[in-house]
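Here are the chains, one letter per residue:
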Amino acid sequence: MAKIKINGKELEVDPNKNLLEASISAGFDVPYFCWHPKLGSIGSCRQCAVVKYRDENDKVGRVVMSCMEPASEGSIISTEAPQAKEFRANVIEALMTNHPHDCPVCDEGGECHLQDMTVMSGHTNRRFEFEKRTHNNQYLGPFINHEMNRCIQCYRCVRYYRDYAGGDDLNVFSSRNRVYFGRASEGVLESEFSGNLVEVCPTGVFTDKTLKKHHTRKWDLTTAPSICVHCSVGCNTIAGERYGTVRRIYSRYNEQVNGYFLCDRGRFGYEFVNSDQRITKYIIPGSTEGVSKSAAFDFISKSIKGKKVIGVGSPRASLETNFALKQFVGSENFSVGLSKRDYQLAKLAVDTLINGSVKSPSLKDVEKSESVFVLGEDVTQTAPMLALAIRQAIKNLVKPKADKAGIPQWNDAPVREIIQSAHGPLHIAAPVATRLDDVATTTYFSAPENIARLGYAVAHFINTKLVLPSGLTDEVKTLAEKIANDLLSSDKPLIVSGVHCKSSEVIKAASDVATALKSAGKSVSLSYTFEESNSVGVTMLDGKPLEELFDEAKSSKAGVLVIVENDLYRRLGKEKIDAYLSQFEQIIVLDHNETETTAKATVVLPVGTFSEADGTFINQEGRAQRFYQVFVPETDTPESWRRIAELGNATEKPFIENSFFDFTSSVANSLPQFKGIANIAPPPDFKVLGQKVARESIRYSGRTAMKANINIHELKPVNDIDSALSFTMEGYHGEAPSALTTSYWSPGWNSAQAINKYQIEVGGALHGGDPGLRLIEPTVDKESYFQTIPEAFKISAKGLTTVPVYRIFGSEELSTKSPAIIERSGNAFIGLHPADAKRAELKNDDKLEISIGGQLATVNVIIMNELAEGLAGVSAGYKGVNPEMSEVTFKK
Amino acid sequence: MERPLTKNIRPDGKPLFIKEYESLGGYQSVKKALAMQPKEIQELVKKSNLKGRGGAGFNTGLKWSFVPMQGEFEHKYLVANGDEMEPGTFKDRLLIEGNPHQLIEGMIGTAFAIQADEGYIFIRGEYTYAAEVVAKALAEAYEAGYLGNNILKTGYKFNLHLHTSVGRYICGEETALLNSLEGKRANPRAKPPFPQVSGLFGQPTIVNNIETLCNIPHIINNGAEWFNGLSLTPGDGGTKIFGASGKVKKPGLWELPFGVTLRELLEEHAGGMRDGLKFKGCLPGGASTDFLVEQHLDIRMDYASVAAAGSRLGTGTMIVLDDKTCPVGMVLNLEHFFAQESCGFCTPCREGLPWTEKILQKIENGKGEMKDLDILQFHTKFMGPGNTFCALAPGAMAPLQSALKYFREDFELHIKEHKCSWK
């Protein structure tokens, strides 16, 4: 630690930080633009000027940029010296010469870092009296709105987009005061992480286009801490609502998980909440227009009476919902809502993490890894933020080059100059080309069986006691040896795999590689990706796969089926599901959006989405995370667990649980694998200074008028019995425990950059620790290997063998009900090896009718050079495509 | 009076190619250098008091000594900065076009001294003829074995390449030049790290001015003492190519000892002012130096003396202002240039220079107000050294701040008369 002095205050700080970081961490307000805790310093904006003194006797000092000076021993600075303050005011004055001052019509207004910094720097009178320069804006796709006139040229956007996220279609053009940040020509931003520009840009150049369509000021949003529902990573979000619709998703800082960022699916996939396919009515047989709640429940209690009831849960429903359903129908009658194959895969991966010796990493751990081997996943499409973390991880092995040259790691540009394009090892084995290939050391594209064989070969070269698969080509052996050596040459290797190539062998091979590295003394971690937000939770809860439940139901003549938040047609082929469903007298479906399954229901009960519900998800790391209801819906759409309790109460199985805390406590107390989850956030009776934490800001406007057209009397605010949050502006507005952060705000800091004030030190952990609880830790040093080496892939005589191909926009169920995501999803497709395409006389973009297990789907042809011959890469999760992904045949 | 740099340059300026160059004693220093220890050459150049001729005036041998001589590097680079875009400066062009092999010879000696294996000659885009000449000379030097993988069969390897700029003033800033060479935006880099530690492609790199490098063969051949003896000023070794442009009788370039007076330069070499014109002032070392005026005519032209007079020796090529040319118009023209050439990276330069240009235009158009002079004065401080990312804006403020000091009445006249009295 270094002893330094800021404004006369003696501090002990990390000498590996710069003086700006030290100042902000110590609570001093120093304005800045170009610096960002994740992007480091470049010294371009000159806004963070302070006065630095040579020693105690130096009373004059000199102006320096605090972001470009190390917090070295003995540094003495003043953030308040008149020269510094004057210079900072002059810089903001210069920045403002071309800024349009269009705050009233700018989407950023009210949460604009530029507004905050202008006020903080004290520039008020405008001396510049000439014309401002203007720019043309570009169409950048359905996610991002572009308004270049507002630009203050901090260069953050290109540094984030290119250097951090690996994109290459956003750049800086031209020079002098005409520098332009955009694309070479108009078009959709290609990066899957483009939405972070909204938060990275300190002003309104890049704003959320989906928010623009139903714009609301930050201070008018009702916000609550939430968890992203669009993949298994579990990024922390803040969801904001006004007038009954969710208006936007913002990232919620969690150092262990997503840090400052989100992927575009997570940020822009939320509009299914506002979809016109939302279910808001109670449907019973004979009534398509809906009936009253009491009529619906009367019908249910009559028709259920004396019948055997079975239940299908869901990997996209909360743990509490699945638990409630399991309680309601009984363990033997509960399905996790996955097909046998998918459940086996998920269970294999979860069990491997629980019973194995290798740690499942948080995204922060991933970022700290040094070498990476990915088996069978296009991570950017299946667990996007994990891919972004991998991009950071591969920089670790080359970073010491900067240390050796005396360049501090925060000094971003020089670090990149000395490293150039070098990076640590990233080896990818996947069925198709992946979006990380651009930084891959090696790529290997083949069928899942062969990927597993490569994995086993790598394990063999790490630990030669393990079997080397027979019949490998010299090429594959050499590759395996290289991968093994690369992984062994770093202290922190990371193995990534998952369920998405539908191969248990790939999951097992990945585990064997990781275990071999562990036994070689490496600090290895093993990250599995899963399909949905609570795949891990429902798998840990345990239940039956769909086929088993339905087959048993046939013999036991169960008459009533309850399906919760699950579209079964996304789990198994249409014919199978149709047949399964036809055996029930009543099919009661609880869901929030219309699906093929709700269309088959006899009874439909409306329930809430994530934004109308409290719940717990368990992410792919094994971390239990709480999400909160955002607003009180006008519609009768309670949480599914509450709805199930209503069901129970309407039958002979009343629930003792009433509130969310009752349910989550029951889960924690009755099932040891979930011990502690009730305590991952403060209980509902938690109060700060005698108050609940407010969901609305102190500046929330219009509350007395919002419903005045219905009733002039302002309604009494609804009490939230489930959580420590209040639904209105009444309540505590300061910094609450991290799990209860409804928005980031601090006096003078209205933008997301206020997060600085919530961290122990900038860019670090949140005060009181980051929320969430890891439920899976490796059992001590028990080495066990699978060593179940599959036969090499053989081209089938019957047709092409299907491998599912995932798309970040298009493969996931809920986000594809959101207009902006739909715009990016494209058509269902089949990827073919050029030789297979040639044989079938097919070319790119041909329309084709394919048959998987007899289920027909119309798809577009995409020639995929990397795909192995004999394989067909079929778009997973697209409408009509048989989710079973068996062999595919087609006729032109 | 010895003129080592220009003595072999033909009066008609036609380039000297290898046969002729060798017959005049060319490439002798290569043989000598390759027999020396690299550190010995560094020491020799340090002692010679050769200072960077690009304008900064830093001891060249000292600069080289920061290149790490131990350790493994993919490459070490030597780059000749021939991006001569400083307004009023054309000395490097003479050296490149007139005697390209002198530059190449200097680069070989320098490269050996820092053990560089790759080199680039970075030439201003508009210098197309210079580029042609260098290209031919490089081919000859490779052919003769002075360049390549085994120079003069000593085992020393140095490959030298020509790179022509696409034309930005900022490329003359050595770190912006390196970014440009790497194919990136020509934005300056943060210092530290200095290029000696992390330069071109992140490798140890020396960037030297053309004129600086052309001195190296002569220092190696004749020694440090001889080189120091060329100068009239102790501490500034060698000769300097001085120049003059503007309304003087004989604009041109002259190789002279350090320490000649400004008056001698102006009156003897440049032939004095054209008839009917009076000397009003000059920018002594290119556009980014402060004006010197009549009271300074007797100062010596060396780094310390010019600095003591409140300006910089810079490139040593002066732009002369006469009494019939509007000083506001001249400064406006310069600020237009600097505003246009800002890379747009840091705020004060990107936003401040266009602002000063607009105010000067306003004054020149007769629309000026007295408060504008305060804003101009403010900018000269705002864009002062340390406040900006590189030296471009502080350089741009040099003529403005000195013009406001020496020619303030001319600015006020514009404002009072609502017009430019020179038009």
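Residues numbered from 1 in each chain as written. Chains lettered and ligands numbered in written order. Predicted model: local features only at pLDDT ≥ 70, side-chain atom pairs only at ≥ 80, totals over all residues. Heavy atoms only, no water.

A.B. asks: Break down the pairing of strand β1 (residues 77-82) of chain B for me, citing the residues and quoting the values.
C.D. replies: Residues and elements named next belong to chain B. Within β1, six of the six residues are buried, which leaves it mostly tucked inside the rest of the structure. The two faces of β1 match: Tyr77, Val79 and Asn81 on one face and Leu78, Ala80 and Gly82 on the other face are all buried. Sheet analysis places β1 next to strand β2 (residues 118-123), joined by six bridges and oriented parallel. Bridge pairing links Leu78 to Gly119 in β2. The pairing of β1 with strand β4 (residues 205-209) spans five bridges and is parallel. In the sheet register, Ala80 faces β4, and the bridge partner there is Asn208. (Buried < 20%, exposed > 50% of the residue type's maximum accessible area, 1.4 Å probe, protein only. Helix = DSSP H or I, 4+ residues; strand = E, 2+ residues; numbered from the N terminus. Pairing = 2+ DSSP bridges.)

A.B. asks: Talk me through the pattern of salt bridges; I want residue IDs and the actual numbers.
C.D. replies: Between side chains of opposite charge, pairing is possible as soon as their charged atoms come close. Applying the stated criterion across every chain yields a total of 81 salt bridges over all chains. Of the charged contacts in the structure, one is a salt bridge between Lys212 of chain A and Asp107 of chain A, with a shortest N-O distance of 3.2 Å. Placement of the pair is Lys212 of chain A in helix α6 (residues 209-212) and Asp107 of chain A in the loop between α2 (82-96) and α3 (113-121), with a sequence separation of 105 residues. Residue Lys212 of chain A is classed as partly exposed on the basis of its relative accessible area, which comes to 36%. For Asp107 of chain A, a relative accessible area of 9% translates into the label buried. Here Asp92 of chain B and Lys91 of chain B are joined by a salt bridge, their closest N and O atoms 2.9 Å apart. You can call Asp92 of chain B buried: its relative accessible area is 2%. Taken together, the salt bridges that share partners define one network made up of Glu129 of chain A together with Lys362, Glu369, Lys371 and Asp372 of chain B. (Salt bridge = Lys/Arg side-chain N within 4 Å of Asp/Glu carboxyl O.)

A.B. asks: Go over the packing of aromatic side chains, please, and point to the residues and values.
C.D. replies: Applying the stated criterion across every chain yields a total of 38 aromatic pairs over all chains. Residues Phe272 of chain A and Phe610 of chain A carry aromatic rings whose centres are separated by 5.9 Å and whose planes lie at 45 degrees to one another, so their mutual orientation is tilted. Placement of Phe272 of chain A in the loop between α7 (264-268) and β13 (282-284) and of Phe610 of chain A in the loop between β24 (603-606) and β25 (615-618) is noted, with a sequence separation of 338 residues between them. Assessed through its relative accessible area of 1%, Phe272 of chain A is described here as buried. By relative accessible area, Phe610 of chain A is classed as buried at 8%. Here a set of aromatic residues connected by ring pairs shows up, and it is made of Tyr160, Tyr164, Tyr253, Tyr260 and Phe261 of chain A. Against the face of Phe378 of chain B rests Arg127 of chain A, its NZ or CZ located 4.2 Å from the ring centre. (Phe/Tyr/Trp six-rings, centres within 6.5 Å; stacked < 30°, edge-to-face > 60°. Lys NZ or Arg CZ within 6 Å of the ring centre and 35° of its normal.)

A.B. asks: I'd like to hear about the packing of helix α6 (residues 100-114) of chain B against helix α9 (residues 210-229) of chain B, residue by residue, with values.
C.D. replies: Residue and element names in this part refer to chain B. Where α6 meets α9, the closest approach of the two axes is 7 Å, and the angle between their N-to-C directions is 70 degrees. When the axis of α6 is compared with that of α9, the two are roughly perpendicular. Residues Gln102, Leu103, Glu105, Gly106, Met107, Gly109 and Thr110 of α6 pack against Ile210, Leu213, Cys214, Ile216, Pro217, His218, Ile220 and Asn221 of α9. When grouped by side-chain class, the residues that make up the contact of α6 with α9 number eight nonpolar, six polar and one charged. (Axes fitted to C-alpha atoms, helices over the stretch in contact; angles between N-to-C directions. Parallel < 35°, antiparallel > 145°, perpendicular 65-115°, else oblique. Contact = heavy atoms within 4.5 Å. Nonpolar A, V, L, I, M, F, W, Y, C, P; charged D, E, K, R; others polar.)

A.B. asks: For helix α7 (residues 128-143) of chain B, give the residues involved together with the corresponding values.
C.D. replies: All names here are of chain B. The end-to-end C-alpha distance of α7 is 23 Å, a good match for the 22 Å that 16 residues give at a rise of 1.5 Å each. Those residues of α7 that fall on the buried side of the exposure criterion are Ala130, Ala131, Val133, Val134, Ala137, Leu138, Glu140 and Ala141. Lining the buried residues of α7 we find α1 (18-23), α5 (91-98), α6, β2 and β3 (159-164). (Expected span 1.5 Å × (residues − 1).)

A.B. asks: Residues and numbers for the environment of Ile108 of chain B, please.
C.D. replies: All names here are of chain B. Counting through the fold element by element, Ile108 comes out in helix α6. According to the relative accessible area criterion, Ile108 is buried, its value standing at 1%. Along the backbone, Ile108 and Pro354 are 246 residues apart, and their C-alpha atoms lie at a distance of 42 Å.

A.B. asks: I'd like a description of the environment of Ser288 of chain B, backed by residues and values.
C.D. replies: Assignment of secondary structure puts Ser288 of chain B in the loop between β7 (279-283) and α11 (303-308). Beyond its immediate sequence surroundings of up to four residues, Ser288 of chain B is in contact with Glu86, Tyr169, Arg312, Phe338, Gly395, Ala398 and Pro399 of chain B.

A.B. asks: Can you break down the interface of chain A and chain B residue by residue, with the values?
C.D. replies: Across the contact, 39 residues belong to chain A and 42 residues belong to chain B. Of the roughly 3100 Å² buried at the junction of chain A and chain B (both faces included), carbon and sulfur atoms supply 57%. Here chain A and chain B share three salt bridges between them. Residue Glu417 of chain A is joined to Arg189 of chain B by a salt bridge in which the shortest nitrogen-to-oxygen separation is 3.5 Å. (Buried area = accessible area lost by both parts, 1.4 Å probe.)

A.B. asks: If you had to explain the sheet that holds β4 of chain B to someone new, which residues and values would you point to?
C.D. replies: Residues and elements named next belong to chain B. An order of β3-β2-β1-β4 is seen for the four strands of this open sheet, with the pairing classed as parallel. Of all strands in the sheet, those with a lone pairing partner are β3 and β4, marking the two edges. Going from strand to strand, the sheet's axes swing by 20 degrees on average, the running direction of each strand aside. Against the sheet, α9 engages β1 and β4, with an angle of about 95 degrees to β4.

A.B. asks: So what's going on with the domain arrangement of chain B? Residues and values would help.
C.D. replies: All names here are of chain B. According to the domain assignment, chain B consists of domain 1 (18-229), domain 2 (239-322) and domain 3 (327-417). Spacing between the C-alpha centres of domain 2 and domain 3 amounts to 22 Å. Taken together, the contacts link twelve residues of domain 2 with 14 residues of domain 3. Summing both sides of the interface, domain 2 and domain 3 together bury roughly 1100 Å²; the carbon and sulfur share of this comes to 74%. Among the residues domain 2 hides against domain 3, the three largest losses belong to Lys280, Asp290 and Phe291. Together they make up 45% of the total. Counting across the interface, domain 2 meets domain 3 through one salt bridge. (Domains from an automatic or database assignment.)

A.B. asks: Describe the sheet that holds strand β10 (residues 222-227) of chain A, and please don't skip the residues or the numbers.
C.D. replies: For sheets, the rule is that strands pair by backbone hydrogen bonds, running either parallel or antiparallel. Residue and element names in this part refer to chain A. Pairing in this open sheet of three strands is antiparallel, and the strands run β10-β11-β12 from one edge to the other. Edge positions in the open sheet fall to β10 and β12 (245-251), since each of these has one partner strand only. Pairwise comparison of adjacent strand axes, ignoring direction, gives a mean angle of 30 degrees for this sheet. Relative to strand β11 (residues 236-242), β10 is paired through six bridges, and the arrangement is antiparallel. Following the sheet pairing, Pro225 is matched in β11 by Ile238.

A.B. asks: I'd like a rundown of the state of the cysteines, residues and numbers included.
C.D. replies: All names here are of chain B. Across all of its chains, the model carries zero disulfides over all chains by this definition. Of all cysteine sulfurs, the one in Cys420 lies closest to Cys326, which takes part in no disulfide; the gap is 3.7 Å. Overall, the relative accessible area of 7% leaves Cys326 in the buried class. (Disulfide = S-S within 2.5 Å.)

A.B. asks: Lay out α6 of chain B in plain terms, naming residues and giving numbers.
C.D. replies: All names here are of chain B. For α6, built from 15 residues, the straight-helix expectation of 21 Å at 1.5 Å per residue is met to within 8% by its first-to-last C-alpha distance of 21 Å. By the criterion of burial, α6 is predominantly enclosed, with 15 of the 15 residues buried. One or two positions beyond α6, positive phi appears at Gln115, with a value near 60 degrees.

A.B. asks: With reference to specific residues and values, describe the side chain of Gln153 of chain A.
C.D. replies: Structurally, Gln153 of chain A can be placed in the loop between β6 (144-146) and α4 (156-164). Assessed through its relative accessible area of 2%, Gln153 of chain A is described here as buried. Within the structure, the side chain of Gln153 of chain A is placed 3.4 Å from the backbone oxygen of Cys151 of chain A, a separation counted as a polar contact. In this structure the side chain of Gln153 of chain A is engaged in a polar contact, spanning 3.3 Å, whose partner is the side chain of Arg350 of chain B. In this structure, Gln153 of chain A is in contact with Ser44, Arg133, Val179 and Phe181 of chain A together with Phe345, Arg350 and Glu351 of chain B, ignoring residues within four places of it in sequence. (Polar contact = N/O pair within 3.5 Å; in protein donor to acceptor, adjacent residues only side chain to side chain.)

A.B. asks: Could you give me a rundown of the pairing of strand β17 (residues 371-375) of chain A, with the residues and numbers involved?
C.D. replies: Residue and element names in this part refer to chain A. With five of five residues buried, β17 is to be regarded as a mostly interior element. Pairing of β17 with strand β20 (residues 493-498), which is carried by four bridges, proceeds in the parallel orientation. Bridge pairing links Val372 to Leu494 in β20. Relative to strand β18 (residues 426-430), β17 runs parallel, the two sharing four bridges. Its bridge partner being in β18, Val372 is matched across the sheet by Leu426.

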